[in-house]
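Now for the letters of each chain:
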Amino acid sequence: MPVYRDEAVVLRTQKLGEADRIVTMLTRQHGKVRAVAKGVRRTASKFGARLEPFMVADVQLYEGRTLDIITQAESLGSYGALIADDYPSYTAASAMVETADKLTEAEGSLQQYLLLVGALRSLSRREHGAGLTLDSYLLRALSMAGWAPSFEDCSRCGAKGSHSAVVVQVGGSVCDDCAAPGSPRLDPATIALLASLLTGDWEHAQSTPDQTRAQATGIVAAYTQWHLGRGLRSLEHVSR
Ligand SMILES: [Zn+2]
C-alpha cells in the first residue's frame, strides 16, 4: 500500500473509538491531511504525545480508503508544552491553528505551512508577545490566501497614503474621497503598527504602547472575521 512521509503541524485532534484519534494536520507538501493515529489515547503513548495540537512532527502515513493512517511520528518541534504553559500563548496558538484550518480547507501551501510553524516557534520562545505574534500571523496568513490588506495607499482607488480611515470590508486604509461618512478613523500610530505587523517590523511593533496594540488588535480581529465568514471560536478567548 502507498506510504508517504511529510512534515506536519498538528491543527486539532478528535477522539475515535476507544483508543484512537483523528489528527488534522497541515503538512509541508500534501496540504491539509486528516489521518488516524491508532492507540494514542492509551497512557504513556509517546507516539500520541507527538501528535498533540501545535506539535511539529516528521510523520509517515499510509493511504487508507477513507482516512490515511499515521504509522510513525518523530518530533521536530515540541512547541505544544511550552505554549500550553502560558495562557495568552495558548489562546493565540489556538486561534492560529483554527485560522490555518479554515484557510486551507481545499488545499494547503508551503508558505502557509512555514508561516504557521514559524509563528508557533516564536510563541513558544516568547519572542514578541502573544498578541503581536497572533495579529501578525493573521494579517500574513490572510495575505497569502489572497486577501492582502493595505495600510498605506487607499484600498479602493490606490491614492497615496497614509490615510486615517480603515474599512475592513474594502481591504484596509481608504482615502477621504473613498471613505463613507462615519467611517472609523484610526490614530496614525495604530496604522503604523498594522503596517509593521504585516511586514514583520518587530522592532517598531514592540515599541508601541498597549492602547495602540489594542486598537490594532480590534482591526485585525474584524478583518479576520470578515474574510473567514464564520466566527473563529478561539478568537473569542484571546484577551482583548
Ligand atoms: Zn480612495
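Please refer to the structure higher up on the page.
Residues numbered from 1 in each chain as written. Predicted model: local features only at pLDDT ≥ 70, side-chain atom pairs only at ≥ 80, totals over all residues. Heavy atoms only, no water.

1. Describing helix α6 (residues 188-199)
Here's step 1: With 12 residues, α6 should reach 16 Å at 1.5 Å per residue; the first-to-last C-alpha distance of 17 Å fits that figure.
Here's step 2: Buried within α6 are the following residues: Thr190, Ile191, Leu193, Leu194, Ser196 and Leu197.
Here's step 3: Contact partners of the buried residues in α6: α5 (130-144), β6 (165-167), β7 (172-174), α7 (202-206) and α8 (210-228).
Here's step 4: Just downstream of α6, Gly200 is the residue with a positive phi angle, here 85°. (Helix = DSSP H or I, 4+ residues; strand = E, 2+ residues; numbered from the N terminus. Expected span 1.5 Å × (residues − 1). Buried < 20%, exposed > 50% of the residue type's maximum accessible area, 1.4 Å probe, protein only. Contact = heavy atoms within 4.5 Å.)

2. Remarks on the pattern of salt bridges
Here's step 1: This model, assessed by the stated rule, comprises eight salt bridges.
Here's step 2: Residue Arg21 is joined to Glu52 by a salt bridge in which the shortest nitrogen-to-oxygen separation is 3.5 Å. Highlighted residues: Arg21 in strand β2 (residues 20-27) and Glu52 in the loop between α1 (46-49) and β4 (56-62), separated in sequence by 31 residues.
Here's step 3: Given the relative accessible area of 17%, Arg21 is considered buried.
Here's step 4: Residues joined in a network through salt bridges with shared partners are Arg12, Lys32 and Asp101. (Salt bridge = Lys/Arg side-chain N within 4 Å of Asp/Glu carboxyl O.)

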